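# Fold and geometry: a report
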Amino acid sequence: MIKMQVFHLVPFIFFACFGLFNSVDAQQSPEFYNYTITKTWNNQTSPENAMISLSFSLERDPEGHRSLKIHVQAPFFNDPVGPTNATDEPFYGLWDFEVVEAFFLGDNDEYLEIELAPSSHYVLLYLNGYRNDTEMYLPLRHFTAKIDNSTTPPIWTGEAFIPANYFPCNVTKFNAYAIHKSDPNRRYMSLFPVAEETPNPDFHYLPAFESAPFLSQIVNPLCQTYQHNVKTTWDGKPSPDMAEIFISFFLQEETLEQNRSVLMEINAPFFEDPAAPDAGTQEPFPGLWEYEVVEAFFLGNNDEYLEVEFAPSGHYLLLYLAGYRNDTGRYLPIRNYISKVVNSTGDSTGLKRRWIGEVKIPAEYFPCNVSRMNAYAIHKSGTNRSYMSLFPVEEGELEGPDFHYLDGFGSFNLGEEVNLICTSTPPPSSTPTPPSTPTPTPPSTPTPTSTSPPPSTPTPTSTPPSTTTSMSPSSVVRIFDQSFLICMGFLFRILTMV
C-alpha cells in the first residue's frame, strides 16, 4: 500500500524536477532593460496618451557579433506617411517622419544617434560634440519592423541589432525619443524630458541625458585598443637611430567568421639590416631574434609568458615560457601574419621606407590573467646593433639587454580575460626545439589609448522620469544544475523502492 502511494508521487516529483531544469534555461536568457516614453519633450502628458516601449539587451546579432538589441513597440499613426525609398540604406532626414530614436553619449561628447521607423527605414549617425555631424552614416544589417493594424490604435514593433563597434567609448548616458504626426499637431516625446519652460525641442541637448545600468555593458572593442610607442633603448637612452616603433593591440571578439584573438599591429622603420633569413615564412623560425624584429612579451599567472616575434620579411616566432627563460619547447603556429614594406616621405631616422605588420594572435595562446607586458625592437648589425624597449630598465639595473627580465614589465590590461580557456596548461603548439632570446628589459607603465567609431544629426531633446525594469539572469546556473541532479537522484531512489 505504501509502495503504491509512493508510486503515485513519482509524476509530481518528476515534473518538479523538470520545472527546476527549465528554470535554469530561463535564467540564462539575456538581461532586458525596459523603458516607457509617456511625456512630451517638455514634460507634458501626450495629447494622444501615447506610450512607446523600449527594451535594451546585450546580445549577439545573427552573425555572432556583439550588439545592443533594441526592441520598440509604439502606436502607429501613419502620419506623416513613411518614405518610399528603399530601406537597405541609411535614410538621412528620417526625423521628418514617424520615428523612434535613441542617443548614446560617450567620451568627449561623442554620441551615436539611432532612428528607427515603422516603414523599416533607419538612420544611424555618429556625432562628435553637440550637433557636430561627422557625416558618417552607418549601415544597419539587422533591423525589422512590422505594423499590426488589427489593434486600435494600430501598433508597430521593431527590432534592431546595433553593432558594439558603432558606439562611442565609455557610454555613460542616453536619451530616447518618439516623433509622430504632422504640423501643426507634430508631437515630440522624450524619455527624459526637459523643463516645461524650455522654448523648443532639441534632442541633442546633452545635459538632459541620464545614466542607466545597462550602459556600462556596451563595450566597443575598438575602444580597447592599446597603442604604444617604442622609442628608447633597453636602458632608457634615446634611440641612436632616432627610431620610433608604433605597436597596438586590441581584443577581437569571437564571431561566426573568426575565433577570439588579439590583433597586433606594427609600424616601424625598415633598416634592412641584417638581411632577412633565407628560410620560408610558413613555420615558426627559431633564432629570429638575431635579425631585424619587433617583439612583445605577455606575462600572466605563475610567471608564465607568451613571447611573440615578427620580422618585416614575414618570418615569425611564438614561444610559450613557464618561468624566467624556461622554454616549454612550444613553437606556436600562426596562419595570418601579413607584413609589407612601404615607401614614406622620410621619418625621424631619415629612412624612406617603413614596414607594417598585422597579425591575429589566438586568445588561447595567452597565459591566464595577462597583467603585464613589454615590447621590443631589434635592428642593425655588429657594434651598431640596437635593442629598444617600451619599458626600459633603470640605469645600472642590468649589465646588458635581457628581454626576459620580468621585473621590468609594465602594466597591461585589455579590459577582460584574454584566454577564456584559462587553464594553467600552456597552449597547443607545433614543432618543438628549444629557444631562448637575447633582448632588452623594461619598467614603467604603458598608456592605453582608445579609439572611437562613427555618428550624427538633428532632432528634439529632454530630461526627467522614466520607468525602468530589468529581469536579471542568474549567475548560479551551476547550483541549479546540481539541484536538478539531486532531485532526479531522489526520484530514482523512490523508483527503486517501489
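Quick caveat: nothing in here was measured; it's all calculated off a predicted structure.

What follows deals with the overall build of the chain. The secondary structure content of the chain amounts to two helices and 26 strands. Within the span of the chain, comprising 498 residues, buried residues form 49% of the whole. Sequence separation of 24 or more characterises 68% of the internal contacts of the chain that already satisfy a separation of 6 or more. For the chain, the computed accessible surface area is about 23100 Å², with 54% contributed by carbon and sulfur atoms.

Let us look at the pairing of strand β20 (residues 327-331). Bridge count for strand β19 (residues 316-322) against β20 is three bridges, and the pairing is antiparallel. Bridge assignment links Tyr320 to a residue of β20, and that residue is Arg330. Counted along the chain from β19 to the antiparallel partner β20, the turn is four residues long, and its residue Gly323 has a positive phi close to 100 degrees.

A word on the side chain of Arg260. If you trace the backbone, Arg260 turns up in the loop between β15 (245-252) and β16 (261-269). Of note is the side chain of Arg260, whose polar atom sits 2.6 Å from the backbone oxygen of Glu417.

Successive side chains on a regular strand alternate, one facing one side of the sheet and the next facing the other. Across the seven residues of strand β7 (residues 122-128), six count as buried, placing the element largely inside the fold. Alignment of strand β6 (residues 110-116) against β7, held across seven bridges, turns out to be antiparallel. The residue of β7 that forms the bridge with Ile114 is Leu124. Between β6 and β7, which pair antiparallel and follow one another directly, the connecting turn spans five residues, one of which, Ser120, has a positive phi of 75 degrees. Pairing analysis gives two bridges linking β7 to strand β8 (residues 133-137), with the strands arranged antiparallel. Note on β8: the bridge partner recorded for Leu125 is Tyr137.

Before going further, it helps to spend a moment on the confidence of the model for the chain. Averaged over the chain, the pLDDT score is 81; the fraction of residues at 70 or greater is 76%. Here residues 9-28 scores under 50 on pLDDT; set against residues more than four positions off or in separate chains, the count is 25 contacts. For the stretch residues 429-486, pLDDT sits under 50, and the model shows 240 contacts to residues farther than four places along the chain or on other chains.

Our next topic: the sheet that holds strand β11 (residues 173-180). The strand order across the open sheet formed by seven strands is β2-β12-β11-β5-β6-β7-β8, and the pairing between neighbours is antiparallel. Because the sheet does not close on itself, it has two edges, and the strands there are β2 (39-40) and β8. Relative to strand β12 (residues 187-190), β11 is paired through four bridges, and the arrangement is antiparallel. Residue Ala178 lies in a different strand from β12, and its bridge partner there is Met189.

One finds Phe56, Phe104, Leu116, Ile162, Phe174 and Phe214 to be the most contacted residues of the largest nonpolar core, which totals 41 residues. When neighbours within four sequence positions are excluded, Ile162 is seen to be in contact with Ser67, Leu68, Ile70, Leu112, Ile114, Leu124, Leu140 and Phe167.

Here the focus is the sheet that holds β15. Hydrogen bonds between backbone groups are what pair the strands of a sheet, and the pairing can be parallel or antiparallel. Spatially, the five strands line up as an open sheet ordered β13-β15-β16-β22-β21, and their pairing is antiparallel. One side of each edge strand has no neighbouring strand; the edge strands of this open sheet are β13 (226-230) and β21 (338-343). Strand-to-strand, the axes of this sheet are offset by a mean angle of 15 degrees, without reference to chain direction. Bridge count between β21 and strand β22 (residues 353-362): six bridges; the pairing is antiparallel. Its bridge partner being in β22, Asn343 is matched across the sheet by Arg353.

In this structure, Glu397 sits in the loop between β24 (386-389) and β25 (410-411). By relative accessible area, which is 32% here, Glu397 ends up partly exposed. Considered as a pair, Glu397 and Gly408 are eleven residues apart in the sequence and their alpha carbons are 9.7 Å apart. From its side chain, Glu397 meets the backbone nitrogen of Glu394 in a polar contact 2.8 Å long. In this structure the side chain of Glu397 is engaged in a polar contact, spanning 2.8 Å, whose partner is the side chain of Tyr405.

This part is about the pattern of salt bridges. For the structure on display, the rule yields nine salt bridges. Across the pair Lys69 and Glu159 runs a salt bridge, and its minimum N-O distance is 3.4 Å. Placement of Lys69 in strand β4 (residues 66-75) and of Glu159 in strand β10 (residues 155-163) is noted, with a sequence separation of 90 residues between them. Between Lys380 and Asp241 there is a salt bridge, with the nearest N and O atoms lying 2.9 Å from each other. Of this pair, Lys380 sits in the loop between β23 (372-379) and β24 while Asp241 sits in the loop between β14 (232-233) and β15, and the two are 139 residues apart along the sequence.

Under the counting rule described, the total for this entry stands at 30 aromatic pairs. Both rings, one in Tyr35 and one in Phe174, keep their centres 5.4 Å apart while their planes meet at 70 degrees; by these two values the pair is edge-to-face. Of this pair, Tyr35 sits in strand β1 (residues 32-37) while Phe174 sits in strand β11, and the two are 139 residues apart along the sequence. The class for Tyr35 is buried, based on a relative accessible area of 3%. Judged by relative accessible area, which is 0%, Phe174 ranks as buried. Ring centres of Tyr92 and Tyr137 lie 5.4 Å apart, and the angle between their planes is 90 degrees; this geometry places the pair in the edge-to-face category. Of the two residues, Tyr92 is situated in the loop between β4 and β5 (99-105) and Tyr137 in strand β8; the sequence distance between them amounts to 45 residues. Tyr92 gets classed as partly exposed once you look at its relative accessible area, which sits at 46%. Residue Tyr137 is classed as partly exposed on the basis of its relative accessible area, which comes to 31%. An aromatic cluster is present here, built from Tyr33, Tyr35, Phe56, Phe104, Phe167, Phe174, Phe192 and Phe214 joined pairwise through their rings.

Definitions and cut-offs
Residues numbered from 1 in each chain as written. Predicted model: local features only at pLDDT ≥ 70, side-chain atom pairs only at ≥ 80, totals over all residues. Heavy atoms only, no water. Helix = DSSP H or I, 4+ residues; strand = E, 2+ residues; numbered from the N terminus. Buried < 20%, exposed > 50% of the residue type's maximum accessible area, 1.4 Å probe, protein only. Contact = heavy atoms within 4.5 Å. Areas by Shrake-Rupley, 256 points an atom, 1.4 Å probe, with all protein chains shown as cover. Pairing = 2+ DSSP bridges. Polar contact = N/O pair within 3.5 Å; in protein donor to acceptor, adjacent residues only side chain to side chain. pLDDT = per-residue confidence, 0-100. Core = buried A, V, L, I, M, F, W, Y, C linked by side-chain atoms within 4.5 Å. Axes fitted to C-alpha atoms, helices over the stretch in contact; angles between N-to-C directions. Salt bridge = Lys/Arg side-chain N within 4 Å of Asp/Glu carboxyl O. Phe/Tyr/Trp six-rings, centres within 6.5 Å; stacked < 30°, edge-to-face > 60°.

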